[in-house]
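Observations on the three-dimensional arrangement
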Amino acid sequence: MQLHYLEVGEGPGVLILHGLFGQARNWAAVTKGLAEDYRLVSVDLPNHGRSPWTGDVSYPSVAANVAEFMTGHKLKGAAVVGHSMGGKVAMALALTRPDLVGGLVVVDIAPVRYAHGIRHHMEAMQALPLERVTSRESADEMLAGAVDDPAVRALLLSNLARDRGGYAWRINLDGLHDGADVIHGFPDIDGAQYEGRTLFVAGEISDFIEEEHKELIGSLFPNAEHAVVEGAGHWVHTDKPKETIDLLRRFLAG
């Protein structure tokens with residue numbers, strides 16, 4: 001699979017995996033802040049952005065796609081940074097291919113099943129009458145009735161692209177909707193552990209990493225450390241880019 005990617009900087013490799021509804025470009029502020037000292041590679045995960053669509057959205061499958069990408073782009077031993085869904089991909093990658101991962105940063109997600117519903121957002125996107133969309137602003141107005149948070153709408157609509165004079169979704173909405181139960185969860189990878197350096201980063205006003213998750217995190221990632229970014233919600237790197245850059249720089253410096 002040929003994953004689309006963006007690359008900046010030179011130095012030790014850092015691979016960045018975005019979250020659900022995201023794209024490589026969502027991490028541009030962070031990659032720019034680190035590019036002076038590191039080679040930053042951000043990918044569009046399968047079913048997102050300009051990368052191919054697949055029929056298997058499971059984390060081991062997507063992690064295998066990422067492992068293939070790392071091998072092909074000489075990223076063996078790179079640090080891997082993953083946010084939300086991308087954090088689950090990063091964890092699955094570290095547990096199945098620890099030889100590829102030179103360090104792991106998981107941003108605001110835990111290796112657990114969540115009750116947070118993602119189908120609502122997908123169904124709101126599916127219901128958007130694309131034939132009536134004349135601009136991103138008109139799409140935002142139509143989506144506002146189902147999704148009241150402007151920041152979330154902006155994230156969802158970042159997947160809307162011009163297509164033959166109209167608009168189309170660049171994301172594989174149907175495939176991700178069908179695989180929502182898999183995306184909500186996290187696989188049992190046969191008792192595997194990743195013993196490399198690991199950092200779990202939580203947003204202070206997010207509830208994705210709870211105290212009750214830390215025992216499981218420790219069993220899978222015995223060298224895990226934890227950090228909290230004050231004032232950040234789930235999209236830590238968007239809410240607090242400078243603080244995210246500072247945390248990553250300290251981790252990467254070892």
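Residues numbered from 1 in each chain as written. Predicted model: local features only at pLDDT ≥ 70, side-chain atom pairs only at ≥ 80, totals over all residues. Heavy atoms only, no water.

1. Some words on the packing of aromatic side chains
Threshold: Only Phe, Tyr and Trp rings take part, Trp by its six-membered ring, and two of them pair if their centres are within 6.5 Å. Stacked means planes under 30 degrees apart, edge-to-face means over 60, and tilted covers everything else. Here a helix means four or more residues in a row that DSSP labels H or I, a strand means two or more in a row labelled E, and each is numbered from the N terminus. Three labels apply to residues, based on accessible area from a 1.4 Å probe with only protein chains included: buried if under 20% of the type maximum, exposed if over 50%, partly exposed otherwise in between. In this scheme, Lys NZ or Arg CZ marks a charge over a ring once it lies within 6 Å of the ring centre and within 35 degrees of the ring normal.
Under the defined criterion, the tally for this structure stands at four aromatic pairs. The interplanar angle of 40 degrees and the centroid separation of 5.2 Å between the aromatic rings of Tyr114 and Phe208 together place this pair among those described as tilted. Of this pair, Tyr114 sits in the loop between strand 5 (101–107) and helix 4 (119–127) while Phe208 sits in the loop between strand 8 (198–203) and helix 9 (214–220), and the two are 94 residues apart along the sequence. Owing to a relative accessible area of 10%, Tyr114 belongs among the buried residues under this scheme. A relative accessible area of 14% places Phe208 in the buried class. One cation-aromatic arrangement involves Arg197 over Phe251; the distance from NZ or CZ to the ring centre is 4.1 Å.

2. Brief notes about helix 11 (residues 241–253)
As a reminder, the rule being used: Expected helix span is computed as 1.5 Å times (number of residues minus one). Throughout, the arc means the angular range of directions from the helix axis out to the C-beta atoms. Should any heavy atoms of two residues lie within 4.5 Å, those residues are counted as being in contact.
The end-to-end C-alpha distance of helix 11 is 18 Å, a good match for the 18 Å that 13 residues give at a rise of 1.5 Å each. For helix 11, the full list of buried residues reads Thr244, Ile245, Leu247, Leu248 and Phe251. For helix 11, the arc enclosing every buried residue in end-on projection is 165 degrees, short of the 170-degree limit, so these residues lie on one face. What points out from helix 11, more than 90 degrees from its buried face, is the exposed set Lys242, Arg250 and Ala253. Buried residues along helix 11 sit in contact with helix 1 (28–34), strand 4 (78–83), strand 5, strand 8, strand 9 (224–229) and helix 10 (236–239). Positive backbone phi, at 75 degrees, marks Gly254, one or two positions downstream of helix 11.

3. Some words on the nonpolar core
Note the threshold: By nonpolar core is meant a set of buried Ala, Val, Leu, Ile, Met, Phe, Trp, Tyr and Cys residues that side-chain atoms within 4.5 Å join together.
Judged by nonpolar contacts, the single largest core of 67 residues is most densely connected at Leu15, Leu17, Met70, Leu93, Leu104 and Phe221. A per-element tally of this core places helix 3 (residues 85–96) first, with eight residues. In terms of nonpolar packing, the next biggest core, distinct from the first, is built from 20 residues, Val14, Val229, Leu248 and Phe251 among them.

4. Re the pairing of strand 6 (residues 160–163)
The cut-off we apply is this: Pairing between strands requires that DSSP locate at least two bridges from one strand to the other.
Summarising the sheet, strand 6 and strand 7 (residues 166–169) pair through four bridges and their orientation is antiparallel. Paired with Ala161 across the strands is Ala168, a residue of strand 7.

5. So, unusual backbone geometry
Positive phi is not limited to glycine here, since Lys74 has a value of about 55 degrees. Within the secondary structure, Lys74 sits in the loop between helix 2 (59–72) and strand 4. A relative accessible area of 73% places Lys74 in the exposed class. For Asp190, which is not glycine, the phi torsion reads 50 degrees and is therefore positive.

Read these as spatial facts, not as claims about activity.
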